[in-house]
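One-letter residues, chain by chain:
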Amino acid sequence: MKIATFNINGIKARLNALTDWLDEAQPDVVLMQEIKSVDEAFPSEIFEERGYNVEVHGQKSFNGVVILSKLPLEDVTRGLPGDDADEQARYIEATVVGESHSVRLCGLYLPNGNPVELDGNDAPVKDGKYAYKLAWMDRLRARAQQLLAEETPFLMAGDYNIIPQDEDAATPDSWRGDALFRPESHAKWRALLNLGLTEAFRAQTQAPGHYSFWDYQAGAWNRNNGIRIDHFLLCPYTADRLRDCQIDKDTRARDKPSDHVPVWIELDL
DNA sequence: ATGCCTAATGGAATTAGA
């Protein structure tokens with residue numbers, strides 16, 4: 001089963017680029033982020049025509065996540081547990097039924113967290129964007145812990161807005177103080193991994209210089225000034241079934257690209 | 001230097017992204 005994650009940066013602006021990639025990459029499942037659309041305005045029929053089931057968790061202007069699947073989706077839930085006051089559409093779960101096994105798909109758009117606002121003790125300012133990011137990561141960890149406890153096979157994939165290590169950025173020194181790369185962000189990332197989760201790309205590839213995002217500004221793509229922030233985290237059961245993980249870098253060079261490119265895994269399910 | 005670009009909103013300039 002081929003499962004992809006793709007931050008499309010707006011469904012309306014990405015229809016052609018998205019359908020071109022879908023028709024050629026032929027993923028069985030796609031977890032999409034930043035659709036920037038309400039549920040009613042999402043063009044589900046474009047994907048249904050291609051044989052996908054579509055589950056949307058949208059929001060006006062910003063955020064918004066979607067699951068596409070050629071196989072049936074069951075038990076769909078919207079929103080990350082742990083904060084009833086959180087109105088942002090950044091998380092969706094569904095179970096996909098494979099030939100012999102099922103897996104819980106957790107699609108996520110983790111908050112960016114910039115600008116980083118710290119108080120006099122270098123603690124994130126309450127109600128600031130960075131505090132929201134760190135709290136969101138705590139909630140994600142709690143959800144992963146719950147899925148592990150109930151022995152539900154799962155994967156968590158999407159735009160994590162985390163650069164894991166120096167080798168995941170072309171210019172790591174320029175990111176040191178950024179919400180994507182700060183020590184507090186890395187600590188939360190490692191707390192996720194320390195539950196026993198496997199980061200799929202690094203399970204397959206050790207080399208530096210592989211990125212999933214290039215800024216639209218300052219010729220970042222032409223200078224290969226990228227960062228790797230779109231990830232798959234796999235529970236042990238799912239990690240044992242990982243066969244491949246690749247980044248579809250070429251899509252960044254096409255017409256009207258997203259600033260992110262698709263990342264995909266192949267699982268034996 | 002929170003900018004050099006892009007998208008959404010709304011119908012001009014602002015917000016957000018990372």
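Keep in mind that what you see is a predicted model, and the values were worked out from it rather than measured.

Close approach of charged atoms lets side chains of opposite charge pair. Counting across every chain of the model gives 14 salt bridges. Arg143 serves as the salt-bridge partner of Glu93, at 2.7 Å between the closest nitrogen and oxygen. With Glu93 in strand E6 (residues 91–97) and Arg143 in helix H3 (residues 129–149), this residue pair connects regions lying 50 residues apart in the sequence. Per residue, the accessibility class of Glu93 equals that of Arg143, and both read buried. Ionic pairing is found between Arg228 and Glu199, a salt bridge with its closest N-O pair at 2.8 Å. One end of the pair, Arg228, is in the loop between strand E11 (226–227) and strand E12 (230–234); the other, Glu199, is in strand E9 (residues 198–199), with 29 residues separating them in the sequence. Residue Glu199 is classed as buried on the basis of its relative accessible area, which comes to 9%. Among the charged side chains, a salt-bridge network with shared partners connects Asp168, Glu199, Arg202 and Arg228.

On to the sheet that holds strand E8 (residues 154–159). Sheet architecture is open: six strands sit in the order E5-E6-E7-E8-E12-E9, paired in mixed fashion. At either margin of the open sheet sits one strand with a lone partner, and together these are strand E5 (73–78) and E9. This element, H3, spans E6, strand E7 (102–109) and E8 of the sheet and lies at about 160° to E8. Seen against the sheet, helix H4 (residues 183–193) touches E9 and E12 and runs at an angle of roughly 35° to E12.

Another aspect to go through is the protein's contact with DNA strand B. Near DNA strand B, the surroundings consist of 27 residues, among which Ser61, Tyr109, Asn112, Phe213 and Ile227 are the closest. Counting only the atoms of DNA strand B within 4 Å of the protein, the fraction contributed by sugar and phosphate is 74%. In this structure, a phosphate oxygen belonging to DNA strand B sits 3.0 Å away from a side-chain N or O atom of Tyr109. Note that a phosphate oxygen of DNA strand B is positioned 3.2 Å from one of the side-chain N or O atoms of Lys129. At three residues, helix H1 (residues 11–25) tops the list of elements feeding residues into the surface near DNA strand B. A per-class count over the surface near DNA strand B returns ten nonpolar, eight polar and nine charged.

Between its first and last C-alpha, H1 extends only 18 Å over 15 residues, short of the 21 Å set by a 1.5 Å rise per residue. In the structure, H1 departs most strongly from a straight axis at Ala17, where the bend amounts to approximately 40°. Looking at H1, one finds that the buried residues are Ile11, Arg14, Leu18, Thr19, Trp21, Leu22 and Ala25. Against strand E1 (2–7), strand E2 (29–33), helix H2 (44–48) and strand E4 (65–69) lie the buried residues of H1. After H1 finishes, the residue Gln26 shows a positive phi value of roughly 50°.

What the rule picks out here adds up to six aromatic pairs. For the ring pair Trp214 and Trp221, a centre distance of 4.8 Å and an interplane angle of 90° mean the geometry is edge-to-face. Residue Trp221 is classed as partly exposed on the basis of its relative accessible area, which comes to 24%. Site record: aromatic cluster; members linked through ring pairs are Tyr211, Trp214 and Trp221. Seen from the ring of Trp264, Lys2 lies directly overhead, with NZ or CZ sitting 4.3 Å from the centre. A cation sits over an aromatic face here: Arg241 above Tyr237, 3.7 Å from the ring centre.

Reading the values: rules and limits
- Residues numbered from 1 in each chain as written.
- Chains lettered and ligands numbered in written order.
- Predicted model: local features only at pLDDT ≥ 70, side-chain atom pairs only at ≥ 80, totals over all residues.
- Heavy atoms only, no water.
- Salt bridge = Lys/Arg side-chain N within 4 Å of Asp/Glu carboxyl O.
- Helix = DSSP H or I, 4+ residues; strand = E, 2+ residues; numbered from the N terminus.
- Buried < 20%, exposed > 50% of the residue type's maximum accessible area, 1.4 Å probe, protein only.
- Pairing = 2+ DSSP bridges.
- Contact = heavy atoms within 4.5 Å.
- Axes fitted to C-alpha atoms, helices over the stretch in contact; angles between N-to-C directions.
- Near = heavy atom within 4 Å.
- Polar contact = N/O pair within 3.5 Å; in protein donor to acceptor, adjacent residues only side chain to side chain.
- Nonpolar A, V, L, I, M, F, W, Y, C, P; charged D, E, K, R; others polar.
- Expected span 1.5 Å × (residues − 1).
- Bend = angle between axes of the 7 residues up to and from the residue.
- Phe/Tyr/Trp six-rings, centres within 6.5 Å; stacked < 30°, edge-to-face > 60°.
- Lys NZ or Arg CZ within 6 Å of the ring centre and 35° of its normal.

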